[in-house]
Amino acid sequence: MTRFLLLLRHRARRDVLQLALWILGTVALAAAAYTGVRETFGTEQDRTALLAAAIANPVILLFRGLPSGSEEGAFIAFLILPFLALLAAFMSSFLAVRHTRADEELDRAELVAATPAGRVVPLVATLTHGVLANAVLALLVSTTLILLGLGRGGSILAGAASGVTGIVFLGFALLAAQLVRTARAANAVAVWAILLSYLACGIGNALGTPRADLQEMESAPLAWFSPFGWAENTRPFDADDPRPLVLSALLASVCAAAAGLVQARRDLGGSLLPERLARSTATRALAGPWGLSWRLSRGAMLGWAVAGLLVGLLSTRLSDLISRIGDTIPSVEALLAALGTNGTLAQDTVTIFFTLTGVLAACAGVQTVVRARQEEVRGTAEPVRAAAVGPVRWLAGYLVIAGAAILATVGSAIGGAILGLASLEDPDWSLAEVALIAGLGQVAAAAVFGAAAAVVFVVAPRLSIAVGWTLIALATVVGLFGPLLGFPDAVVNLSPIAITPVVAGSDVDPRGLWWLVTAAVAGTALALALMRGRQLAPAE
């Protein structure tokens, strides 16, 4: 018992900052949703009209919850519950891999296994740590909603649904860490499972059966194959039915038990699934560091490009629909005006979607840059640098591939926007220009994040991963949701994604383009200049 408590305490101390950011961010999102609904959809008439529009156009349900009536609490759950559960799922997955497969890669697990704690006790400590983190998240979300004045039963169920969904993916990530050989692969498996589960739930909701008054829907069977579907079918503030969470608890238990069985039997450093065999000889593309950077990043680049394509497609496919909704629901028109750029409703809709594309592009760029840090930690950067590859050339390879990832993500979004217009019966082709200008502006914004991540990597390598992703998270909240939450313009304009060029009416507003270009170029040059005298920093 003492060994278990020591390991649990070690995990809690190691994760205190990261878990605080995840949990408090989730709670803040719940509170912001309540405030936003009160200010934007304050009347039942507004909520009724929006639910009817969403149910009549099922594609909207791909990114929202399950409609369960126009009562204020049920409407908030429809808007925000999937995102609360999504944040809990990501928090839990990363936690599980960090304390299992990642520790094995860094030889920490071997040291612990050599003590009387053995191999299974650390896994149990990680499982308990993750369950407690989700319990705290659920408790704080429930408490926040209760303090804001929502019903006690629905608030408790909304928090519980979020936390239990996190525990499901905690168990799945523990199992994924046993299946594959690297932490990077385990994280990829866990993230894809989360995204596919989320998509299955959204499609299941979109294919569901609406009630005659267009205020509620019954999910199609597909949603019942997803933990997100189980969470949404608890229907907080409406039916308040906790029974679907039993399915989540069962799945989490099965995954955790399977992970424990595999952990007790496999060799340290081994995996249930063998690694894919590589070629016996390298291609000419791998003759230099840039080709290696491309080889390491191409899978992630493809994933971000697909996400960009989807966002771009929706930007124009939904622009006409959202414009019509805005014409009939004043609160929606006010919301788009707050988030938009004083253009038409259709232009503002495309601009908002491309702001989200900028976030995706920034993620693609930062992920590629911080890959250099991951290679340092794993020790695989050392043989590359030992092969007469200078530090500047080595980092430049990652920066070039990061730029390619940004261009691929935004380029896919622009292509998706054009495809969306082509699929309409009477397309407004002027929106293609809006997508092009907004997209090119977001390239500059994303480049700023990549340059900032590179500078942090050079001067404070141990902070590069945390700082890079934190900057994106803060910029997203400030730039994408700041106007909705009432942030001053001076604060909103600190986010690069909020000051990119846009089309407003018949004019193009360049806004902060030159500041962004200057910052990206200066940051890149500074990182490369400082890298000249920097040594490898492999220690965690």
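Structural data are supplied above this passage.
A brief look at the structure comes next. (Residues numbered from 1 in each chain as written. Predicted model: local features only at pLDDT ≥ 70, side-chain atom pairs only at ≥ 80, totals over all residues. Heavy atoms only, no water.)

Looking now at the pattern of salt bridges. The final tally for this structure, using the stated rule, is eight salt bridges. With a closest N to O distance of 3.1 Å, Arg 211 and Glu 216 form a salt bridge. Arg 373 is the partner of Glu 376 in a salt bridge, and the nearest nitrogen-oxygen pair spans 3.1 Å. Of this pair, Glu 376 and Arg 373 both sit in helix α14 (residues 345-378), three residues apart, roughly one helical turn. Take Arg 373: its relative accessible area is 2%, and that puts it in the buried class. The network of salt bridges with common partners includes Arg 101, Glu 104 and Arg 266. (Salt bridge = Lys/Arg side-chain N within 4 Å of Asp/Glu carboxyl O. Helix = DSSP H or I, 4+ residues; strand = E, 2+ residues; numbered from the N terminus. Buried < 20%, exposed > 50% of the residue type's maximum accessible area, 1.4 Å probe, protein only.)

Here the focus is a nonpolar patch on the surface. A surface patch of nonpolar side chains, about 810 Å² in accessible area, is lined by Trp 192, Leu 195, Leu 196, Leu 199, Ile 203, Leu 207, Leu 222 and Phe 225. Note that Ile 203 resides in helix α8 (residues 183-206). (Patch = residues over 30% accessible without salt bridge, like charges linked within 9 Å, V, L, I, M, F, W, Y side chains within 5 Å. Areas by Shrake-Rupley, 256 points an atom, 1.4 Å probe, with all protein chains shown as cover.)

Moving on, we get to the packing of helix α6 (residues 120-147) against helix α10 (residues 244-265). At a minimum axis distance of 9 Å, the contact between α6 and α10 shows a crossing angle of 155°. As far as their axial angle goes, α10 and α6 are roughly antiparallel. When you trace α6 past α10, the crossing you get is right-handed. Note on element contacts: α10 touches α6 through Ala 256, Ala 259, Gly 260, Gln 263 and Ala 264, opposite Val 120, Leu 123 and Leu 127. Grouping the constituent residues of the contact of α6 with α10 by class yields six nonpolar, two polar and no charged. (Axes fitted to C-alpha atoms, helices over the stretch in contact; angles between N-to-C directions. Parallel < 35°, antiparallel > 145°, perpendicular 65-115°, else oblique. Left-handed = near helix turned anticlockwise from the far one by under 90°. Contact = heavy atoms within 4.5 Å. Nonpolar A, V, L, I, M, F, W, Y, C, P; charged D, E, K, R; others polar.)

A surface patch of negative charge is lined by Glu 44, Glu 71, Asp 238 and Asp 240. Inspection of the secondary structure puts Asp 238 in the loop between α9 (227-232) and α10. Under the relative-accessibility criterion, Asp 238 is labelled partly exposed at 34%. (Lys, Arg positive; Asp, Glu negative; His and termini not counted. Charge placed at Lys NZ, Arg CZ, Asp CG, Glu CD.)

This paragraph deals with helix α20 (residues 513-531). Here α20 is 19 residues long and its end C-alpha atoms lie 27 Å apart, about the 27 Å a rise of 1.5 Å per residue gives. Within the sequence span of α20, burial applies to Leu 516, Ala 520, Gly 523, Ala 527 and Met 531. Seen end-on, α20 carries its buried residues on one side only, within an arc spanning 70°. Away from its buried face, by an angle of more than 90 degrees, α20 presents the exposed residues Trp 514, Trp 515 and Val 521. (Expected span 1.5 Å × (residues − 1). Arc of directions from axis to C-beta.)

On to the nonpolar core. Counting residues in hydrophobic clusters, the biggest one holds 51 residues, and the most contacted among them are Phe 354, Trp 394, Leu 395, Phe 449, Phe 457 and Ile 472. Considering each element in turn, this core owes the most residues, 17 residues, to helix α17 (residues 430-459). Setting aside chain neighbours within four positions, we find Phe 457 in contact with Ala 372, Arg 373, Glu 376, Trp 394, Leu 395, Ser 464, Met 531 and Arg 534. Among the nonpolar cores identified, the runner-up in size contains 42 residues, and Leu 95, Ala 133, Leu 150 and Ala 259 belong to it. (Core = buried A, V, L, I, M, F, W, Y, C linked by side-chain atoms within 4.5 Å.)

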